[in-house]
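# Summary of the model geometry
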Amino acid sequence: MRRAFQRTQAQLPRFSSALRRSGVSRQLALQSDWLLDLKDIKQGSLPSATRAIHHSLRLTQNIAAAKAEANTDAPTNASEKSLITKFHELETQEIVHRNVVKTLTQDMGLSDMTEVQTKTINQALSGNDIIAQAKTGTGKTLAFLLPILQNILNVDPSLAQRSGGRRGPRTTADDIRALIISPTRELAEQIAAEAKKLVRNTGVIVQTAVGGTQKSAGLRNIQHQGCHILVGTPGRLKDIFSDPRAGVQAPDLSALVFDEADRLLDQGFWPEIQEIMRLLPTPAECDRQTMMFSATVPRGVVDLVRSTLKPGFDFVRCVRDDEEPTHARVPQKVVTFPGLEQQVPALVELCTRCIKEGPEKGRPFKAIVYCNSTAEATLVSDILRNLATPGAERNDAFGSLRAPHPWSRDVRLLEIHAKLSQAQRTQAAESFRHAQSGILLSSDVTARGMDFPNVTHVIQMGTPPSREQYIHRLGRTARAGKEGEGWLFLHNFEAREARSRLGGLPLQKDESLTCSTVNVENALKDPESPVAMVRAAMKKIPKATLHKSYLAMFGVYQWIRDKQALAYALQDLAIKGWGLTQTPSVPPGIAQRLGFSRVEGVRLGHDDLEPDSSFGGGSRGGSSYGRSGGFGDRRSSRSGFGDDRGPRSSRSYDGGNQHRQGRPGQQRGQYSHNAF
Ligand SMILES: Nc1ncnc2c1ncn2[C@@H]1O[C@H](COP(=O)(O)OP(=O)(O)OP(=O)(O)O)[C@@H](O)[C@H]1O
């Protein structure tokens, strides 16, 4: 009986959206007919059903009124005047339970909704399927959490009280009402933390299911404490729902949310998402609301969205067609370099400058540096850490150091990437979240959705994997109305590709960093220069770390057709930048697979990766192909960022054959400095 009632109540959202489409005047009649038809309802349950209808009706009236004002059929174009824009109004209009509104306004200190919240909370509370696109950092998380929570309370009002659902007999592993899927573990944990804040004055229980943690411990929590809202990553959720021994099902699931929807619907995750959906009750068995949120919704995913959402879904766009989904107030600067070896010194120069400026600007420097490989993130992190004065003490269990020189003692150095355990990643995220000032070296695991407060700078090392990823990374700064700036470091040979991936974005060329033009060999003579400091810091880096970074670069730059230019650039990085006497070797199998087996400057061989191995003491079995030490001319011009001419390198280096003979007059690395 109870289940039949709950199922009937779960139909409310669909009922309500049907009502919305049919017009306000017919709604009362329809709703009362429907109420009379609820033959299964127990006498005592009628009040809650009536309340639920009341909520639904009030919302449909608001939306219809807004529609009428806007004189349009499209609810998303409705005048915002009639939609609720302040959180406290949700209580005065009896749409959201006072306990939840109290949490929002008193505990979380929120008053006005953001645009995406105004446009989606009203719609989502009435049960519509939604896809919403809004800029990073504009409060999308709350835009789906709040309607999910209130819709759960509509179905079971006893959960509105703190003690209502706690450990009671009605809280079981089968009670999952909402499933929120996120592409990364960190983001799932962050959403769960936000959800736990929101439900704190209710009896609703939130659990997480993320990879890298003990599955059995998570399951125990779900089974013993119960679960109404489950937040997880695709792999672990699939694991749990497909494991009959786990005993976790969601027969009454009424809400499914895809956060960072475009990422979840892309090739990487789509098979797992399909599998999860196959394991959930079908919409015929249990009507559910699906909501998708992201800052980026590329055209490619729109068809998938259509096949996943109910017909008539709302597409809420808070980004205009003619507008880029990055914040206009975020200055975005690009620096191009003739050599990869200049980039880390330039990073040190930039950080040093910003740390000094912090007090003047009233904002301590807090930056995320995105690297395109885990190996690079580890290397850069090690270099920055080694800039600390000798004897600096480790200050937490995960090796985070304070960096007293040349930076303030209070700059935390942290890293997050796939090579760390989940516990280390979570700890680092937590430390960075609470750090007043710090530098986080990160791979793309933090690029989407992570809400680290007061990040002043996002620095991207190398061409980002895609336009979407650039936007999401940049979105870690300038959140919730704050200021921030973005920096992009590119080698000249990346400029053309970067321009094609990021065309139209408001990137401005920056020439303020002396390290972008410095002659590395000359700069080494000045021990105070960032180049010399980085070189000194390099001395403490194990050779195995360098070797891994070198090899990883071939993967990062796989898309570069000019293999020769890349080989030369990496050779310069290893010798001029890292101070090695020859390039690390590349196993012939790998070199062949990547198309570098006959490219000058690539040394084929099998040097081991032991920490004490040396690249400087001879070839150790590596056969050098072409020169390994001397450097040819490096030409660069500075014609101004935005120059549309593209790289000027010869594209004839197409496999290396010509290099064997050497091509008279051919120059190495002829890329325009400012060809972005
Ligand atoms: N109405 C509001 N008023 C003020 N701050 C808010 C409001 N809603 C959310 N916030 C705060 O704004 C910050 C960003 O919110 P959130 O992480 O949900 O953004 P997002 O749009 O999901 O970003 P991303 O696209 O990066 O995932 C959070 O710190 C959140 O607490």
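Residues numbered from 1 in each chain as written. Predicted model: local features only at pLDDT ≥ 70, side-chain atom pairs only at ≥ 80, totals over all residues.

## Structural notes on the overall build of the chain
When its secondary structure is counted, the chain shows 25 helices and 17 strands. Residues classed as buried in the chain amount to 51% of the 676 residues present. Within the chain, contacts between residues at least 6 apart in sequence are counted, and of these 76% link residues at least 24 apart. (Helix = DSSP H or I, 4+ residues; strand = E, 2+ residues; numbered from the N terminus. Buried ≥ 20, exposed ≤ 12 C-beta atoms within 10 Å, placed from the backbone. Contact = placed C-beta atoms within 7 Å.)

## Brief notes about the site of the ligand
Taken together, 19 residues lie around the ligand, and G139, K140, T141, G449 and A480 are the ones closest in. Among the elements that line the shell around the ligand, the one with the most residues is helix α8 (residues 140-155), at three residues. Looking at the shell around the ligand residue by residue, the classes come out as six nonpolar, nine polar and four charged. In this structure, the shell around the ligand is formed jointly by two domains, domain 1 (2-44 + 75-317) and domain 2 (326-392 + 403-616 + 637-657), each of which donates at least three residues. (Near = placed C-beta within 6 Å. Nonpolar A, V, L, I, M, F, W, Y, C, P; charged D, E, K, R; others polar. Domains from an automatic or database assignment.)

## Overview of the sheet that holds strand β9 (residues 366-370)
As summarised here, the arrangement of the seven strands in space is β10-β11-β9-β12-β13-β8-β14, forming an open sheet in which the pairing is parallel. A strand with exactly one partner marks an edge of an open sheet, and here the two such strands are β10 (411-416) and β14 (507-509). Shown here is a sheet whose adjacent strand axes are inclined to one another by a mean of 20°, direction ignored. Pairing of β10 with strand β11 (residues 437-442), which is carried by six bridges, proceeds in the parallel orientation. The residue of β11 that forms the bridge with L414 is L440. (Pairing = 2+ DSSP bridges. Axes fitted to C-alpha atoms, helices over the stretch in contact; angles between N-to-C directions.)

## Notes on the domain arrangement of the chain
According to the domain assignment, the chain consists of domain 1 (2-44 + 75-317) and domain 2 (326-392 + 403-616 + 637-657). Counting from both sides, the interface comprises 20 residues of domain 1 and, opposite them, 18 residues of domain 2. Those elements that provide at least two residues to the side of domain 1 that touches domain 2 are α9 (185-198) and α12 (261-264). Looking at which element gives the most residues to the side of domain 1 that touches domain 2, the answer is α9, with five residues. Taken together, the residues of the side of domain 1 that touches domain 2 sort by class into four nonpolar, eight polar and eight charged.

## What to know about the environment of Q150
Inspection of the secondary structure assignment puts Q150 in helix α8. Taking the C-beta count within 10 Å as the criterion, Q150 has 21 such neighbours and is therefore assigned buried. In this structure, the C-alpha to C-alpha distance between Q150 and A160, residues 10 residues apart in sequence, is 8.9 Å. Residues in contact with Q150, not counting those within four places in the same chain, are V96, H97, V100 and L125.

## Details of the confidence of the model for the chain
This prediction gives the chain a mean pLDDT of 79; 72% of its residues lie at or above 70. Contacts of residues 390-404 to residues separated by more than four positions or lying in other chains number 30 contacts, the stretch itself having pLDDT below 50. Within the model, pLDDT remains below 50 along residues 610-667, and this stretch shows 119 contacts once partners closer than five positions in the same chain are excluded. (pLDDT = per-residue confidence, 0-100.)

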